[in-house]
Structures are given as structure tokens and as C-alpha cells.
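# Coordinate analysis (summary)
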Amino acid sequence: MRGLAFTLTMLLFAPAFGVELKPDEVEFFESRIRPILAQECYECHSEATKSKGGLLLDSRVGWQKGGESGDAIVPGSPEQSLLLQTISHELEDLQMPKAGAKLDESIVSDFRKWISMGAPDPRDAPPTKE
């Protein structure tokens, strides 16, 4: 039983431990998640600009660390992921992206799916200034 629990945990959190991702996971992240992060989040949450609230979203290491408000993403648990709550406007005092513009529901659904998948993120290293 203990072996099964370990296996399930590793499958759920494999991306967080740097385990090789499946091509469809990488494609999903690169086509549906990273572009939105770059367009809507990096201005306030990246190494190149600033880390508002202590949160960096331009690397896997950044979101795994979380910010001043706690864990941004809980792989496998969208309902516990502050990032999803924030972009869904579930929290009155914390709504993103900036200026309070709500993202299209299809984008929010993509983030929900991505987090449910275990938040596979192929970005192995923090970004460089270049």
C-alpha cells in the first residue's frame, strides 16, 4: 500500500521534481499556459521586471517558491491554487491580471486543467536577463 501511495504521489507531482514531461504536457503548457503568463503576468511577476508580492511566474522554480500570500500553485489541486483563485476573481482583495480585467473563461479553464494535470512546466532553470 505504501508503494502505491508513493507511486501516485510521484505521478501527481512529477513535474515539481523535474521528472521528464510527456510531449502533450509540454505542448499544452507552451501553447496555452506560457503565452498567457507572458502576456498577462510577467509585467509584475518576473525576474526581468519585478516580483510583486514576492511571486515570480516566469520559471517553475518561481511559482514553486510561491509569494508573500503563500503557494501560488498546488499541483493537482486547482481549488487550493491561489493563482487560479486570483485569475478567477474568487477573492475580492486579490484579482489578477492587473487592472482587474477578468480573463476569458476558456483561459481560466486551461489553467484549471493544467493545474489538475500536476502543473507540468518544462522551464528547468530560472530565466536569465537575456
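Above this text is the structure in question.
What you see is a predicted model; the values in this text were computed from it and never measured. (Residues numbered from 1 in each chain as written. Predicted model: local features only at pLDDT ≥ 70, side-chain atom pairs only at ≥ 80, totals over all residues. Heavy atoms only, no water.)

Now for the pattern of salt bridges. Under the definition given, this model contains five salt bridges. The partner of Asp-121 in a salt bridge is Arg-123, and the shortest N-O contact between them spans 2.7 Å. (Salt bridge = Lys/Arg side-chain N within 4 Å of Asp/Glu carboxyl O.)

Interaxial distance between helix 2 (residues 23-41) and helix 5 (residues 105-116) falls to 10 Å at its minimum, and their mutual angle equals 120°. Looking at the two axes, helix 2 sits oblique to helix 5. Handedness of the helix 2/helix 5 crossing: left-handed. Residues Phe-28, Phe-29, Arg-32, Ile-33, Ile-36 and Leu-37 of helix 2 form the contact with helix 5, whose participating residues are Ile-107, Asp-110, Phe-111, Lys-113 and Trp-114. (Axes fitted to C-alpha atoms, helices over the stretch in contact; angles between N-to-C directions. Helix = DSSP H or I, 4+ residues; strand = E, 2+ residues; numbered from the N terminus. Parallel < 35°, antiparallel > 145°, perpendicular 65-115°, else oblique. Left-handed = near helix turned anticlockwise from the far one by under 90°. Contact = heavy atoms within 4.5 Å.)

This brings us to the side chain of His-45. Counting through the fold element by element, His-45 comes out in the loop between helix 2 and helix 3 (60-65). Those residues in contact with His-45, other than ones at most four positions away along the chain, are Lys-50, Lys-52, Leu-55, Leu-56, Leu-57 and Asp-58.

Geometrically, a pair of aromatic rings is defined through the distance of the ring centres and the angle of the planes. Across all of its chains, the model carries three aromatic pairs by this definition. When the centroid spacing of 5.7 Å and the interplanar angle of 40° are considered together, the rings of Phe-29 and Trp-114 count as tilted. Of this pair, Phe-29 sits in helix 2 while Trp-114 sits in helix 5, and the two are 85 residues apart along the sequence. Exposure remark for Phe-29: the relative accessible area of 0% places this residue in the buried category. Ring centres of Trp-63 and Trp-114 lie 6.0 Å apart, and the angle between their planes is 75°; this geometry places the pair in the edge-to-face category. Separated by 51 residues along the polypeptide, Trp-63 in helix 3 and Trp-114 in helix 5 bring together distant segments of the chain. (Phe/Tyr/Trp six-rings, centres within 6.5 Å; stacked < 30°, edge-to-face > 60°. Buried < 20%, exposed > 50% of the residue type's maximum accessible area, 1.4 Å probe, protein only.)

What follows concerns helix 5. Between its first and last C-alpha atoms helix 5 spans 16 Å; for 12 residues at 1.5 Å apiece the expected length is 16 Å, and the two agree. Of the residues making up helix 5, those classed as buried are Ile-107, Val-108, Asp-110, Phe-111, Trp-114 and Ile-115. One side of helix 5 carries all its buried residues, which in axial view fall inside an arc of 155°. At its buried positions, helix 5 is contacted by helix 2, helix 3 and helix 4 (82-87). Just beyond helix 5, the residue with positive phi is Gly-118, at close to 105°. (Expected span 1.5 Å × (residues − 1). Arc of directions from axis to C-beta.)

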